Amino acid sequence: MSSDVNAWRNVAAATGRADRAAAEAGVRRAYRTAGLTEPDRIIWAASPRAAVETVEKLTDAGRSVREEVRTRPWAAERRRMYDELGPSGWAALWSATGAQLWETTAALAERIRTGVAADLASGTGEEGAVRLVLLDAVLGQHDAAWLAAFDGRGDRLAGLAEVARNAGWWWPYERAVVITERPDVLHRDEAGRLDHGEGPALAYGDGFSLYAWRGMPVPAAFLAELPSLTPERVRAEENAELRRVMLEYYGYDRYLTESGARPVNRDETGVLWRIALDGDEDVVMVEVVNSTPEPDGTYRTYWLRVPPATRTAKDGVAWTFGLEGAAYAPLRQT
């Protein structure tokens, strides 16, 4: 992966105070590049939620110029690069740059939109209105994916890139711009999904926060409860998705031990356990013991989650290797 992509990955994940002077210079450059008069006012907001509230109260700002500032320059540059490189060359460029970042940044942006709409809207109609305001935003640091594809290939997007490197989302209008700070906190798992078990996974300076466990939105109070979980509390949870999070946090092996679960099958490969859950598929685990001793002479136990239809431990172990149970006959387990 090129250093340019890594640099833009860092832009997308950047936290902490914006460089306001650099971001405002980027805004003005983007306006000039689009052939527009620079905005009279640049207003800072602490988060995308606060920015939407500010935009809704703007007076004398004029119409949105997102089309001129962001959409048309991007489309023109994409067409230029496509014509210059050809279909296969453009596909290779995108694969090596923007595609590396697209999925995680797009998912994060949508989570922010959903969170802002949930915070500010009390009904379906209001949520639609909030989302319309959100559609006027240029995503700043979260436009890193497509900006990575054009980095070093011309100056037409330089103003947009300068804002992205130094600030969060922004709303361009004829005579005013609203621009946001970056988040103070961002926690993600190895797959790039929002994930934190001890507080918000994403948080801005004004308190706008998103809570998540391995990408799944969860209430703040739910996370606070995790350290004190019991098997009884896990079984009592009616929401199947939240109950699955509880089991992951608590540990399937610990849950099996403390809930008095009984094995449903034993064979030469291990022990098959089943947890029946109301309103959800059974959790089925194979307990296997590593045949190679640890340095201290002990043998480590592993727990493998397998499909609910699994009936024997051997079938479960075979499934982890992509085999049918009858075809699984290792000479030596490791």
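Residues numbered from 1 in each chain as written. Predicted model: local features only at pLDDT ≥ 70, side-chain atom pairs only at ≥ 80, totals over all residues. Heavy atoms only, no water.

The protein chain carries the name DUF6745 domain-containing protein in an unreviewed UniProt entry, which gives Streptomyces violaceoruber as its organism.

**Comments concerning the sheet that holds strand β12 (residues 301-306)**
Defined as follows: Two strands make a pair as long as DSSP finds a minimum of two bridges between them. Only runs of H or I of at least four residues qualify as helices and only runs of E of at least two qualify as strands under DSSP, and these elements are numbered from the N terminus. Between the N-to-C directions of two axes lies an angle of 0 to 180 degrees, each axis being a line fitted to C-alpha atoms and, for a helix, fitted only over the stretch in contact. Contact criterion: two residues are considered in contact whenever any of their non-hydrogen atoms come within 4.5 Å of each other.
What the four strands build is an open sheet, ordered β9-β10-β11-β12; its pairing is antiparallel. This sheet does not close on itself; its edge strands, each paired only once, are β9 (263-267) and β12. When the angles between neighbouring strand axes are averaged without regard to direction, this sheet yields 20°. Alignment of β9 against strand β10 (residues 270-275), held across four bridges, turns out to be antiparallel. Among the inter-strand pairings, P263 is bridged to a residue of β10, identified as W273. Against the sheet, helix α13 (residues 313-320) engages β9, β10, β11 (283-289) and β12, with an angle of about 80° to β12.

**A look at helix α11 (residues 240-250)**
The α-helix advances 3.6 residues per turn, and as a result positions three or four apart in sequence lie on the same side. Spelled out, the test is: Partly exposed describes any residue whose relative accessible area lies between the buried limit of under 20% and the exposed limit of over 50%, with all areas from a 1.4 Å probe on protein chains only and scaled to the type maximum.
For α11, the set of buried residues is L242, R243, V245, M246, L247 and Y250. Considering only its buried residues, α11 is in contact with β7 (212-213), β8 (216-217), α9 (220-225), α10 (231-236), α12 (252-258) and β11. One or two positions beyond α11, positive phi appears at G251, with a value near 100°.

**Some words on the packing of aromatic side chains**
Quick reminder of the rule: Stacked, edge-to-face and tilted are the three classes for Phe, Tyr and Trp ring pairs, Trp counted by its six-membered ring, which pair at centre distances within 6.5 Å; planes under 30 degrees apart are stacked, over 60 edge-to-face, the rest tilted. Remark: a charge is flagged as sitting over a ring if the NZ atom of Lys or the CZ atom of Arg is within 6 Å of the ring centre and within 35 degrees of the ring normal.
For the structure shown, the criterion picks out eight aromatic pairs. Taken together, the ring pairs in this structure connect W74, W90, W94, W102, W146 and F150 into an aromatic cluster. The positively charged end of R254 is found above the aromatic ring belonging to Y250, 3.9 Å away from the centroid.

**Quick notes on the pattern of salt bridges**
This is how it is decided: Criterion for a salt bridge: a side-chain nitrogen of Lys or Arg within 4 Å of a carboxyl oxygen of Asp or Glu.
Throughout the structure, instances matching the rule amount to 25 salt bridges. Of the charged contacts, one joins D206 and R49 as a salt bridge, the two residues approaching to 4.0 Å between their closest N and O atoms. Of the two residues, D206 sits in the loop between β5 (202-203) and β6 (209-210) while R49 sits in helix α3 (residues 48-56), which places them 157 residues apart along the sequence. For D206, a relative accessible area of 32% puts it in the partly exposed group. Overall, the relative accessible area of 19% leaves R49 in the buried class. In this structure, E77 and R80 form a salt bridge, with 2.8 Å as the shortest nitrogen-oxygen distance. A residue pair is termed a helical-turn pair when its members lie 3 or 4 positions apart in one helix, as E77 and R80 do in helix α4 (residues 66-96) at three residues. Under the relative-accessibility criterion, R80 is labelled partly exposed at 32%.

**Things to note about the nonpolar core**
Across soluble globular proteins, nonpolar side chains have a tendency to be buried as a group. Quick reminder of the rule: To define a nonpolar core, start from buried Ala, Val, Leu, Ile, Met, Phe, Trp, Tyr and Cys residues and group those joined through side-chain atoms within 4.5 Å.
Formed by 34 residues in total, the largest nonpolar core has its most connected members in W8, V27, L160, W170 and I179. At the level of secondary structure, the elements contributing two or more residues to this core comprise α1 (3-12), α2 (20-33), β1 (41-45), α4, α7 (144-150), α8 (158-166) and β3 (176-180). The residues contacting I179, other than those within four sequence positions of it, are A23, V27, I42, I43, W44, A45, V163, A167, W169 and W170. Listed in part, the 30 residues of the second largest apolar core include I112, V130, L202 and F208.

**So, the domain arrangement of the protein chain**
Note the following rule: All the domain ranges listed were derived from an automatic or database domain assignment.
Parsing the protein chain into structural domains produces domain 1 (1-182) and domain 2 (229-327). Between the C-alpha centres of domain 1 and domain 2 there is a distance of 45 Å.

**Examining the side chain of R182**
Stated precisely, the cut-off is as follows: Positive residues here are Lys and Arg, negative ones are Asp and Glu, while His and the chain termini are left out of the count. Any N or O atom pair separated by 3.5 Å or less is treated as a polar contact, with the protein-specific requirement of one donor-capable and one acceptor-capable atom, and with residues adjacent in sequence counted only for side-chain atom pairs.
With respect to the secondary-structure elements, R182 resides in the loop between β3 and β4 (185-186). Buried charge without a partner: R182 forms no salt bridge, and the closest opposite charge is E181, 6.1 Å away. There is a polar contact of 2.8 Å between the side chain of R182 and the backbone oxygen of R17. Of note is the side chain of R182, whose polar atom sits 3.3 Å from the backbone oxygen of R165. Apart from residues lying up to four places away in sequence, R182 is in contact with A14, T15, G16, R17, A18, Q141, R165, N166, A167, G168 and Y204.

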